[in-house]
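If you want the building blocks of each chain, they are given just below.
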Amino acid sequence: TVETRMSALSRRTWRRIAIGLAIFTVVYNVVEGVAAIWVGVDGESVSVLGFGIDSLVEVASASVTIVVLVRTSPSLRSLRITTVIIGVLLLLLGVSALVGAVMRLVAVQKPITTLGGVIVSAASLSFMFVLLRTKLRAAHEIDSVVVRKDADCSRG
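In every chain, residue numbers begin from 1 and rise along the written sequence. Whole-chain, interface and lining totals are the exception, using all residues; otherwise, since this is a predicted model, local features are given only for residues with pLDDT of at least 70 and side-chain atom pairs are given and counted only at 80 or more. For the side-chain quantities, the full set of heavy atoms in the structure was used; hydrogens and water were omitted.

Caption draft 1: Seen up close, the layout of surface pockets. A cavity, in this analysis, means grid points on a 1 Å lattice covering only the protein atoms where a 1.4 Å probe fits yet has no way out; a pocket is instead an open set bounded by protein on both sides within 12 Å along at least five of seven lines, and a residue lines either one if it has an atom within 4 Å of a point. Grid points are joined across faces, edges and corners, and a volume is the space filled by probe spheres set on the points. Roughly 220 Å³ of internal volume is contained in the second largest pocket. Lining the second largest pocket are 13 residues, with Pro74, Leu79, Ile142, Asp143 and Ser144 sitting closest to its centre. Gly counts as polar in this scheme, as do all residues outside two lists: the nonpolar Ala, Val, Leu, Ile, Met, Phe, Trp, Tyr, Cys and Pro, and the charged Asp, Glu, Lys and Arg. Of the residues belonging to the lining of the second largest pocket, the class tally is seven nonpolar, three polar and three charged.

Caption draft 2: The packing of helix H3 (residues 76-106) against helix H5 (residues 145-155), seen in detail. Here, axes are lines fitted to C-alpha atoms. For helices the fit covers the stretch in contact, and angles between N-to-C directions go from 0 to 180 degrees. Each helix is a run of H or I in the DSSP string that is no shorter than four residues. Each strand is a run of E no shorter than two, and both are numbered from the N terminus. Orientation of H3 relative to H5, taken along the N-to-C sense of each, is 10 degrees, at an axis distance of 10 Å. Put simply, H3 runs roughly parallel to H5. Two secondary-structure elements touch here, H3 through Leu79, Thr82, Thr83, Ile86, Leu90 and Leu93 and H5 through Val145, Val146, Lys149, Asp150, Asp152 and Cys153. Orientation labels follow simple angle bins: below 35 degrees gives roughly parallel, above 145 gives roughly antiparallel, 65 to 115 gives roughly perpendicular, and whatever is left gives oblique. Contact definition: two residues touch when any of their heavy atoms are within 4.5 Å.

Caption draft 3: Seen up close, the nonpolar core. One finds Trp14, Ala18, Ile19, Leu69, Ala138, Ala139, Ile142 and Val147 forming the largest nonpolar core, which totals eight residues. Contributing elements (two or more residues each) for this core: helix H1 (2-42) and helix H4 (115-142). Ignoring sequence-local partners within four residues, the contact set of Val147 consists of Ala18, Thr65, Leu69, Lys135, Ala139 and Ile142. Buried Ala, Val, Leu, Ile, Met, Phe, Trp, Tyr and Cys residues form a nonpolar core when they are joined through side-chain atoms within 4.5 Å. When a residue's accessible area, from a 1.4 Å probe over protein chains only, is under 20% of the maximum for its type it is buried; when over 50% it is exposed; and in between it is partly exposed.

Caption draft 4: Molecular detail of the packing of aromatic side chains. Aromatic pairs are defined between Phe, Tyr and Trp rings, using the six-membered ring for Trp, whenever the two ring centres lie within 6.5 Å; interplanar angles under 30 degrees are classed as stacked, those over 60 as edge-to-face, and all others as tilted. Scanning the entire structure with this criterion turns up one aromatic pair. Ring geometry for Phe24 versus Tyr28: centroids 6.0 Å apart, planes at 20 degrees, classification stacked. Note that Phe24 and Tyr28 are positioned in helix H1 at a spacing of four residues, about one turn of the helix. A relative accessible area of 18% means that Tyr28 is categorised as buried.

Caption draft 5: Expanded view of the pattern of salt bridges. Here, a salt bridge means any side-chain nitrogen of Lys or Arg that lies within 4 Å of a carboxyl oxygen of Asp or Glu. Throughout the structure, instances matching the rule amount to three salt bridges. Put simply, Arg137 and Glu141 hold a salt bridge, and the shortest N to O gap is 2.9 Å. Of this pair, Arg137 and Glu141 are both found in helix H4, four residues apart, which corresponds to roughly one turn of the helix. Residue classification places Arg137 among the partly exposed positions, given a relative accessible area of 44%. Across the pair Lys149 and Asp152 runs a salt bridge whose closest N-O atoms are separated by 3.8 Å. Taken together, the residues Lys149 and Asp152, both in helix H5 and three residues apart, mark about one turn of the helix. What makes Lys149 partly exposed here is its relative accessible area of 33%. A relative accessible area of 23% means that Asp152 is categorised as partly exposed.

Caption draft 6: Layout of the side chain of Ser55. Along the chain, Ser55 falls in helix H2 (residues 46-70). Once residues lying within four places of it in the same chain are set aside, the contact partners of Ser55 are Asn29, Glu32 and Gly33.

Caption draft 7: Geometry of a nonpolar patch on the surface. Residues enter a patch when their relative accessible area is above 30% and they make no salt bridge; the linking distance is 9 Å between like charges and 5 Å between nonpolar side chains (Val, Leu, Ile, Met, Phe, Trp, Tyr). For the accessible areas, the method is Shrake-Rupley and the probe is 1.4 Å, while residue cover comes only from the protein chains on display. On the surface, a cluster of nonpolar side chains totalling about 260 Å² of accessible area is made up of Val84, Val88 and Leu92. Taking relative accessible area as the criterion, Val84 reaches 52% and is therefore assigned exposed.

Pasting the structure below:
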C-alpha cells in the first residue's frame, strides 16, 4: 500500500538522519573533548577536564550506534550488546563526575572560571538541546533503543 511505502521511506530517511547525527556527534565531540581536555589541563580545571572526558564517552557511544545503524538488520544479540555498552559508558560518565567532585573536595579546589572553559561550555550548550531532541525523534521514528540510549548519553 501507499501508506506502507511512505512509512518505509520515512523510516529509511530517519535512519539516515540518525546515522548523520551519530557521525556529527563523533566529529564534534572529538574536537570538543580535545579542546576541553587541553583547556582543563592548561587551566588546572578538573571540571573542564571532566567535560572533555564526557565528550569522549559520547564519542564512544555514538560510534557503537553508527556500527548498529549501518547494518541492514542487526541481530537482537548485537542490539543487546550495544545497549549494554552504552549503559556501561553512562556509568563511566557518572563515575567520572563523582571522581572529579571528590578530587575537588579533597583538594579544596574552588571553582575556576576560565575563558576557554566558558567558550567550550557555551558552544556545547548552544546546540546540545537540538541534537538531543532530534536524536530522540529519530529513535522514535525508527523505533531504536540504541539511538534512544545514545541520546541519553548526549544528555551527559
